[in-house]
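Structural overview for review
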Amino acid sequence: MPSYLITGVARGIGYEFVRQYSADPQNTVIGIVRNKAATDAKIAADADLTSRTNIHILEADITSYPALQAAAAATAEITGGALDVLIGNAGIVPLFDNFDSFRTLAADPEGITKWMRELNEVNVLGNIHLFNLFTPLLLKGTLKKALVISTGLADPELTNNFDISNAPLYSASKAAVNMVVSKFNAEYKQDGLLFFSMSPGMVDVGLFDNITEEQKSKVGGMVAKFMKYAPHFTGPLTPEQSVTLMRGVIERASIEGGMGGAFVSQHGNGVWL
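The residue numbers shown here count from 1 along each chain, following its written sequence. In keeping with the model being predicted, local features are shown solely for residues with a pLDDT of at least 70 and side-chain atom pairs are shown and tallied solely at 80 or more, while totals for entire chains, interfaces and linings include all residues. Side-chain numbers here rest on the full set of heavy atoms in the structure, without hydrogens or water.

Even without glycine at this site, K144 takes up a positive phi of about 55 degrees. By the element assignment, K144 lies in the loop between α6 (109-139) and β5 (145-149). Working definition: with a 1.4 Å probe on protein chains only, accessible area under 20% of the residue-type maximum means buried, over 50% means exposed, and in between means partly exposed. Overall, the relative accessible area of 18% leaves K144 in the buried class. One non-glycine residue, A167, lies in positive phi territory at about 55 degrees. Helix and strand assignments follow DSSP, with helices taken as H or I runs no shorter than four residues and strands as E runs no shorter than two, numbered in order from the N terminus. In this fold, A167 is placed in the loop between α7 (156-161) and α8 (168-188).

Take a look at the structure:
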């Protein structure tokens, strides 16, 4: 009975991972959220999920080491002390820098400082603690796979070849966690434990639902650059499409296949869209 733990499952990609993995009653699916009561209510109201007894929701903020420590202990109780797959999905994507470059953000140094600290705490440090606490369970698992959900915006080649200058703080935090993943893989690959990071592609999770007209214009400019990079690009993926692709990559991923410490897309390669 494979076991899967996913952080940040209250909505979007994380919720879709829970939906898809729990469709197989042989899977044990554990989700970590900041508000357990709200997520439990959402699942109870979801006609597809309400009767699935293989879903377990735990409450923990990824920035709280004691809360993650308690979640690891609770996971061990649920699974009998092992874990097969860990998906570090929880993170923040601030609108503060999403549409702008360092040139524009330079007018707000206090905002830069505030958001860079928060991004590092959540997107980087939170995953370091997550990995450290759950590695003992993963080492006892059968599949032995751990990954972080990253972004193609963290790719220096894409950034420079297509002048992708927006979201610099967010991109930097994801580039940092990509290196964290590589370091964990360097440490644990001899134990058969695989670490890698993966971009989900451009996914519509409602981030741009209430943006201003000026911000919409900037999104249009960003999409134009994406079209130049990938002429086949027709728009964002749905969470269902993205997670379906990522699940295929997770299933195929192995140390022997060269995925150890790798940073790949939802296609399992370096094609980000």
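Still more ground to cover, so stick around.
A word on the packing of aromatic side chains. For Phe, Tyr and Trp, rings pair up if their centres lie within 6.5 Å, where Trp contributes its six-membered ring, and each pair is then called stacked (planes under 30 degrees apart), edge-to-face (over 60) or tilted (otherwise). Within the structure shown, the criterion is met by 12 aromatic pairs. A cation over an aromatic ring shows up here: R247 above the ring of Y21, its NZ or CZ 5.0 Å from the ring centre. Placement of a positive charge over a ring is assigned whenever Lys NZ or Arg CZ falls within 6 Å of the ring centre and within 35 degrees of the normal to the ring plane.

Attention shifts here to the pattern of salt bridges. One speaks of a salt bridge when a side-chain nitrogen belonging to Lys or Arg is within 4 Å of a carboxyl oxygen belonging to Asp or Glu. On inspection of all chains with the given rule, the structure shows 8 salt bridges. Measuring nitrogen to oxygen at the nearest pair gives 2.7 Å for the salt bridge that ties R19 to D46. Linking R19 in helix α1 (residues 12-22) with D46 in the loop between α2 (36-44) and β3 (55-59), this pair joins segments that are 27 residues apart in sequence. Given a relative accessible area of 12%, D46 falls into the buried group. K36 serves as the salt-bridge partner of D40, at 3.0 Å between the closest nitrogen and oxygen. With D40 and K36 both in helix α2, this residue pair falls 4 residues apart, about one helical turn. The exposure class assigned to D40 is partly exposed, which follows from its relative accessible area of 29%. Judged by relative accessible area, K36 falls into the partly exposed class, the value being 30%.

Our focus in this paragraph is α1. Among the 11 residues in α1, 9 count as buried, and that is most of the element. Taken residue by residue, α1 has I13, G14, Y15, E16, F17, V18, Q20, Y21 and S22 as its buried positions.

Honestly, it's all geometry; don't read function into it.
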